[in-house]
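Report on the structure
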Amino acid sequence: MRKLVCGGVAVFFLALAGMYLFWRLTAPNIVWICIDALRPDHVTCYGYRRATSPHLDALAAEGVRFTTVYAQAGYTLASVPSFFTGRHPLSLGLWASSSYTKKLPARETTIAEILRWAGYQTAAYSGGAFVTPDFGLDQGFNEFFLPAVEQAAGEKDCVQLIAQAVRWLERKRRSPFFLYIHTYAVHDPYGAPAPFQGMFTPAERGAFLPAAPDADFYKMVRRGIIELDERERAYLVGLYDEGIRYCDEQIGRLLAALDRLRLRNNTLVIVSADHGEELFDHGRQGHGDVYECIAKVPLIMRWPGKIGAGRVVSSAVRLLDVAPTILDAAGIRGGALFRHQGRSLLPHIVGKERAYPCAEVIVGMDADARLRLAVRNGAWKLIATASEPGGVIKPYRYELYDLSAADSEKNDLFAARQDVAEDLQELLTESLRLIPAVARRAPPRFPGQEEPLLDAQTMRRLKSLGYL
Ligand SMILES: [Zn+2]
């Protein structure tokens, strides 16, 4: 009898091992490329007039393109932790702050951790700035690569970043892997090296605009010290577009490497941004705010044989849905370990799920680091601005916009449509109540209150991107 039980147990474990081996052999590889500050309406397959993105267009034609995708925050430091964990920035305790003192808490679980526990090889290739171990974003990665210290403009060097990532692929290609790439090639200071330099910028740029404006220049533009005219603004937009074309070319190299290494068929490739970019839509340049030009991001996925070519999903989805989608694709149940707030997008892709209500709070901040919260319901969008910098500080100042109208976020209807505003205010209050960090009334942190988190090198990197 005892022998029989032992034999049964052995068979059970052998079957389990067999299932695990089978899963290891069939689990898809995941490559996720995040292009910092890429707004969808400057990507050709999203309808842009310039040919900025031939490789992204081809990728979308081979897979699925989501047309309406919202980031949960208008800035990197809140958005990336949110989509790494599938949790809302407010749940993570990450909200407006100009002090750069907050990091993803170690108790939170990232998609990289889940995949690593499941047996994936995991690596991140990051251009630096906020996507670094300093901010807790290395959780779950076997390897985390940053630009070399001596690389002065390392954050912008997408060529090296992709070349290094390809070398990692060449080493790791025999096991299921998760490769995350975060590039600042499109982030300001805008522009690109030859042969992309001059591709979209007009020959005439105005007397006061340098050919390649640096981070300090953008800082002065954002602070209103430098006022740009229409022609100068158009020149900067041209530089932004050249950055996209440059970045797209490097992504083409990575995709070619997947083909060369015969990895195309069993790899789910995801391309997204962490937030968009304001290009003077509301008179300013940069990101952080919650306007549509910043809150909306591109999202493209390719998985040959699993995702039909040329699919387009138009229902609104969120960046925090990407991590649950990856788990779904990999056949992993995160269970209690992965307490995400999103949902898998795979049913949307195969057309089995109808649109779900995507009324969700988007977190941002204004130029003075005051918290900005946006909530949408259908075509209506309410924005609440905290009265002081640092956290959820009331009373709020409200704006109301009808997104179906032309130039929608320039015409504040708060006073005129109190009926709609009241509904959305209620929705905002309700949404905030669902977010644990706010429900617990975690005390807001003020700039300068906490110990500095960053070393000199990180400060230098942030400075090169115009943050400090
Ligand atoms: Zn960013």
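Up top is the structure these notes are about.
What you are looking at is a predicted structure, and each value in this text was computed from that prediction instead of being measured.

**Details of the overall build of the chain**
Check the secondary structure of the chain and you find 13 helices and 16 strands. Taking all 468 residues of the chain together, 47% fall into the buried category. Excluding contacts between residues fewer than 6 apart, the proportion of contacts in the chain whose partners are at least 24 apart in sequence is 70%.

**Here we look at the nonpolar core**
In terms of nonpolar packing, the biggest core is built from 117 residues, with Ile35, Leu179, Val271 and Leu382 touching the most fellow members. Each of domain 1 (29-349) and domain 2 (361-449) accounts for three or more of the residues forming this core. Ignoring anything within four residues of it in the chain, the contact list for Leu382 reads Ala374, Val375, Tyr398, Leu400, Ala421, Leu424, Gln425 and Leu428.

**Things to note about the environment of Ile307**
Note on placement: Ile307 falls in the loop between strand S10 (299-302) and strand S11 (311-313). Ile307 gets classed as partly exposed once you count the C-beta atoms within 10 Å, which come to 19. C-alpha of Ile307 to C-alpha of Glu62: the two residues are 245 residues apart in sequence and 8.4 Å apart in space. Excluding anything up to four places from it in sequence, Ile307 contacts Gly63, Val64, Met301, Arg302 and Ile349.

**A short note on unusual backbone geometry**
In most cases, non-glycine residues show a negative phi, while peptide bonds are predominantly trans. A cis geometry characterises the amide bond from Asp188 onward to Pro189, with omega recorded as 0°. Relative to the elements of secondary structure, Pro189 occurs in the loop between strand S6 (177-183) and helix H6 (215-222). Here the phi dihedral of Ala369 falls at roughly 65°; this positive angle occurs in a residue that is not glycine. For Ala369, the position within the fold is in the loop between strand S13 (361-365) and strand S14 (370-377). In this model, Asp407 sits at a positive phi of 50°, which is unusual for a non-glycine residue. Take Asp407: there are 8 C-beta atoms within 10 Å of it, and that puts it in the exposed class.

**Points about the sheet that holds strand S2 (residues 64-66)**
Judged by pairing direction, the sheet is mixed, and its eight strands sit side by side in the order S5-S4-S6-S1-S7-S10-S2-S11 without closing on themselves. The sheet terminates laterally at strand S5 (143-145) and S11, the two strands that pair on one side only. For this sheet, the mean inter-axis angle between neighbouring strands, taken without regard to orientation, is 10°. Examined bridge by bridge, strand S4 (residues 121-126) and S6 share six bridges and lie parallel to one another. Across the sheet, residue Ala123 finds its bridge partner in S6, namely Leu179.

**Details of the environment of Asp423**
Tracing the backbone through its elements, the reader meets Asp423 in helix H11 (residues 418-434). Remark: the alpha-carbon pair of Asp423 and Asn377, spanning 46 residues in sequence, is separated by 9.2 Å.

Each value, and the rule that gives it
Residues numbered from 1 in each chain as written. Predicted model: local features only at pLDDT ≥ 70, side-chain atom pairs only at ≥ 80, totals over all residues. Helix = DSSP H or I, 4+ residues; strand = E, 2+ residues; numbered from the N terminus. Buried ≥ 20, exposed ≤ 12 C-beta atoms within 10 Å, placed from the backbone. Contact = placed C-beta atoms within 7 Å. Core = buried A, V, L, I, M, F, W, Y, C linked by C-beta atoms within 7 Å. Domains from an automatic or database assignment. Pairing = 2+ DSSP bridges. Axes fitted to C-alpha atoms, helices over the stretch in contact; angles between N-to-C directions.

By themselves, these are just geometric observations and shouldn't be taken as functional.
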